[in-house]
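# A closer look at the structure
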Amino acid sequence: MQINGGEMIARMLEREGVKNVFALHGGHIDSIFQACYDHGIRIVDTRHEQAAGHMADAWGRLTGQPGVAIVTAGPGVTDIVTAVANAYMDAVPMVVIGGRYPAADDEMMPLQELHGVPLMQSITKWSRSIRDPKRIAEYVSDAFRHATTGRPGPVFLEVPADTLARKVEEENVRFPSAYRAEERPAPSPEAVEKTLRILAEAERPVIFAGRGVWFSGASDELREFCELTGIPVCANGMTRGAVPEDTELGLGGIMGGAQALPFAGGADAVVLLGARLGMFTGGRRSTVPVGAKLIQVDILAEEIGRSRDVDLGIVADCRETLRALIRGVKAKPLPRRDEWLARLQQAKAGVRSVFASHIDEKKTPMHPYHLAHILAQNQGDGVLVADGGETFVWAELALQAKRPGRYLGHGYLGCLGIGIPFGLAAALAHPKERVVVLTGDGSIGLNFSEFDTAVRHNLPVVVVVNNDQAWGMCKHEQELRFGKERVIGTALPLTHYEKAAEAFGVHAEFVERSEDVLPAVERAFASGRPACVNVMTDPDAISPAVQAGALVEVGTG
Ligand SMILES: Cc1ncc(C[n+]2csc(CCOP(=O)(O)OP(=O)(O)O)c2C)c(N)n1
């Protein structure tokens, strides 16, 4: 029997357990669409390739399995670049299959003669073009292997149209089936012992847990280790909530929660667990105090020691490390630092009360923290997605995550426009859960037409617009640096986004008073349809991140 490349790809996707692919059609990739259809793989077709990429990225974040995006040659590939870069910066597993002009037409100016591989090389872990039609299945297995092993990340696989369409004898095709390591790198007994010694000597230990914890499936182990030792945690991204943030051991996000540390005396030992030192750990004003002992655990050796000297660097998987540490403390418990925990509780309450002062039922327009707080408080078991400048900061601060893997926000690309696509992927990954997207009014414009995708695919996401009539973070920076008279290119009109979205068929709400937010959100969920809730907020509320001038530290070199 003869098969083509589309069939090979679909069979490999099936073997990988892929149920959905995120895609926008083009003639160059049609045989993949056809084969996916035959194999029962759902094509979630978007209105822009960037959104397909963001959805694949979010799928990876939510499930730990690579999301798959399929885009056509030329502009399909260039359109997905931003989403690939976003996944790359945050080490998210993702497989992008891109079309290409026929290999036989090289240098003949065919339609879309663009080389995707060099374009993608700096934003992927691995990027290849397939030459031999018989080896397409092998390349797909390579793509998945590279995306998922070691530090995860996006990969790009380019398939020229003629290579894809050519039929080959099935018996000449190798379909790999065993191409993943069973074992994960574990810490040495000496490293475990040294870690426990440093923690035993510390009086004010803390763990900074990054996405590495979530991706290694170590949320339970993190909670167990913290409960056994009484060591508190600040977490980032999907790992937030692994240690519930309404308990004394869960301090909150690193951006907000770590603010409590100095008020309690400052940490004297930090375990950086699958988290990188960078902007999300305070940037140049690092949240790791200068004198504190630093133990860094990362799956990637090159990550150890970035920006700061370490006392111990461990190249290992987070789950294996935590399991070894748990065995260690069960054999020999660490001294509990209850006084440190008590002081932290006070400091945490103090930090939260500063933000809580923004909650004022009588104030119209409401403070954006108030809006974020209402949504965070009512997140229940569902997913919260945050997109925007100030909007993201307010969400990050208002959130009290109670379980992991339910909070999607910005990462190191700081890429606006993720909101709706991330929300749609969350609705696919967790169809029984409520998904709320909180987005800035600037950011919502970037992937606005994905309301159409939401309707066509029946993904009842509730999108709440924090409408401050501006690219708020930028406008606030201009105001603080140059004065209100030099607000240039950052103002937006009072747009009725809910009406524009309604045209795609979603449920629409417009809200001006804080007391009306929750009823509007409840009506939106009750509608059973995707929804847009447009909420007017105070345009002059400046987030602490902007006030601190911490975002773009120009000239502090
Ligand atoms: C794709 C992209 N374009 C531009 C920026 C620069 N930028 C950072 S914050 C911001 C303003 C965001 O405005 P909005 O979405 O309305 O959220 P707000 O700050 O008002 O909460 C901009 C334009 C960016 N980070 N990403």
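As a reminder, the structure under discussion sits directly above these lines.
Report follows, based on the coordinates. Just so we're clear, the structure is a prediction, and the values are computed from it rather than from any experiment. (Residues numbered from 1 in each chain as written. Predicted model: local features only at pLDDT ≥ 70, side-chain atom pairs only at ≥ 80, totals over all residues. Heavy atoms only, no water.)

Quick look at a nonpolar patch on the surface now. On the surface, a nonpolar cluster with roughly 220 Å² of combined accessible area is contributed by Tyr88, Met89 and Leu413. Positionally, Met89 belongs in helix α5 (residues 81-89). Judged by relative accessible area, which is 32%, Met89 ranks as partly exposed. (Patch = residues over 30% accessible without salt bridge, like charges linked within 9 Å, V, L, I, M, F, W, Y side chains within 5 Å. Areas by Shrake-Rupley, 256 points an atom, 1.4 Å probe, with all protein chains shown as cover. Salt bridge = Lys/Arg side-chain N within 4 Å of Asp/Glu carboxyl O. Helix = DSSP H or I, 4+ residues; strand = E, 2+ residues; numbered from the N terminus. Buried < 20%, exposed > 50% of the residue type's maximum accessible area, 1.4 Å probe, protein only.)

Scanning the entire structure with this criterion turns up 35 salt bridges. Note that Asp298 and Arg151 form a salt bridge whose closest N and O atoms lie 3.6 Å from each other. Taken together, the residues span a long stretch of sequence, with Asp298 in strand β13 (residues 293-298) and Arg151 in the loop between α7 (136-148) and β7 (154-160) at a distance of 147 residues. Like Arg151, Asp298 is buried. Lys475 is the salt-bridge partner of Glu479, the closest N and O atoms lying 3.8 Å from each other. Here Glu479 pairs with Lys475, and both are found in helix α20 (residues 472-482), just four residues apart, close to one helical turn. Overlapping salt bridges, with partners in common, bring together Asp45, Arg47, Asp452 and Arg456 in one network.

Okay, unusual backbone geometry next. Look at the link from Thr364 to Pro365: it is a cis peptide, with omega at 0 degrees. With a phi angle near 55 degrees, Asn458 is a residue other than glycine that sits in the positive phi range. Residue placement: Asn458 occurs in the loop between α19 (450-456) and β18 (462-467). The exposed category is assigned to Asn458, whose relative accessible area is 55%. You will see that Gln469, though not glycine, has its phi angle at about 55 degrees, which is positive. Gln469 sits in the partly exposed class, given a relative accessible area of 29%.

The next subject is the packing of helix α11 (residues 219-229) against helix α14 (residues 318-331). Running from N to C, α11 and α14 cross one another at 25 degrees; their axes reach a closest spacing of 9 Å. Put simply, α11 runs roughly parallel to α14. Seen from above, α11 lies across α14 with left-handed handedness. For the pair formed by α11 and α14, the contact residues are Glu221, Leu222, Glu224, Phe225, Leu228 and Thr229 on the first element and Arg319, Leu322, Arg323, Leu325, Ile326, Val329 and Lys330 on the second. When grouped by side-chain class, the residues that make up the contact of α11 with α14 number seven nonpolar, one polar and five charged. (Axes fitted to C-alpha atoms, helices over the stretch in contact; angles between N-to-C directions. Parallel < 35°, antiparallel > 145°, perpendicular 65-115°, else oblique. Left-handed = near helix turned anticlockwise from the far one by under 90°. Contact = heavy atoms within 4.5 Å. Nonpolar A, V, L, I, M, F, W, Y, C, P; charged D, E, K, R; others polar.)

We now examine empty space enclosed by the protein. The final tally for this structure, using the stated rule, is seven cavities of 30 Å³ or more. Here the largest cavity defines a volume of roughly 140 Å³. If you go around the largest cavity, you meet 16 residues; those closest to its centre are Leu251, Gly256, Gly257, Arg352 and Leu397. Residue assignment for the lining of the largest cavity shows that the elements contributing at least two residues are β11 (250-253), α12 (254-257), α15 (338-356) and α17 (390-398). (1 Å grid on protein atoms, 1.4 Å probe; cavity = no way out; pocket = protein on both sides within 12 Å on 5 of 7 lines; lining within 4 Å. Points joined across faces, edges and corners; volume = space filled by probe spheres on them.)

What follows concerns the state of the cysteines. Enumeration over the complete set of coordinates arrives at zero disulfides. Take Cys234: it sits in no disulfide, and the sulfur closest to it among the cysteines is that of Cys226, at 11 Å. Distance from the sulfur of Cys415, which forms no disulfide, to the nearest cysteine sulfur (Cys474) is 13 Å. (Disulfide = S-S within 2.5 Å.)

Within helix α18 (residues 419-429), ten of the eleven residues are buried, which leaves the element mostly enclosed by the surrounding structure. Of the positions making up α18, those classed as buried are Gly419, Ile420, Pro421, Phe422, Gly423, Leu424, Ala425, Ala426, Ala427 and Leu428.

Our next topic: the sheet that holds strand β14 (residues 312-315). Strand order across the open sheet formed by six strands is β11-β10-β9-β12-β13-β14, with parallel pairing between neighbours. The open sheet has two edge strands, β11 and β14, and neither has a second partner. The average undirected angle you get between the axes of adjacent strands in this sheet is 15 degrees. The pairing of strand β12 (residues 269-273) with β13 spans five bridges and is classified as parallel. Considered in β13, the bridge of Ala269 is made with Lys293. (Pairing = 2+ DSSP bridges.)

Around the ligand, 17 residues are found, and the nearest of them are Thr391, Gly414, Gly442, Ser443 and Gly472. One of the side-chain N or O atoms of Asp441 is found 3.1 Å from an oxygen atom in the ligand. In the environment of the ligand, an oxygen atom lies 2.6 Å from a nitrogen or oxygen atom belonging to the side chain of Ser443. Secondary-structure elements contributing two or more residues to the shell around the ligand are α17 and α20. Of the residues belonging to the shell around the ligand, the class tally is five nonpolar, nine polar and three charged. (Near = heavy atom within 4 Å. Polar contact = N/O pair within 3.5 Å; in protein donor to acceptor, adjacent residues only side chain to side chain.)

Inspection of the secondary structure puts Asn20 in strand β2 (residues 20-23). Since its relative accessible area comes to 11%, Asn20 is described here as buried. Ignoring anything within four residues of it in the chain, the contact list for Asn20 reads Ile41, Arg42, Val44, Trp59 and Leu428.

Time to look at the pairing of strand β5 (residues 94-100). Burial analysis of β5 places seven of its seven residues in the buried class, which makes it a mostly covered element. What you see with β5 is no split at all: Met94, Val96, Gly98 and Arg100 on one side and Val95, Ile97 and Gly99 on the other are buried throughout. One ladder, built from five bridges, connects strand β4 (residues 67-71) with β5; its direction is parallel. What sits directly across from Val71, in β5, is Gly98.

Between helix α9 (residues 189-201) and α14, the least distance of the axes is 10 Å, while the angle of their chain directions is 60 degrees. Relative to α14, the element α9 is oriented oblique. Where α9 crosses over α14, the handedness of that crossing is right-handed. Touching Val192, Thr195 and Leu196 of α9 are Ala324, Leu325, Gly328 and Val329, all from α14. Looking at side-chain class alone, the contact of α9 with α14 contains five nonpolar, two polar and no charged residues.

In short, shape yes, function no, at least from these values alone.
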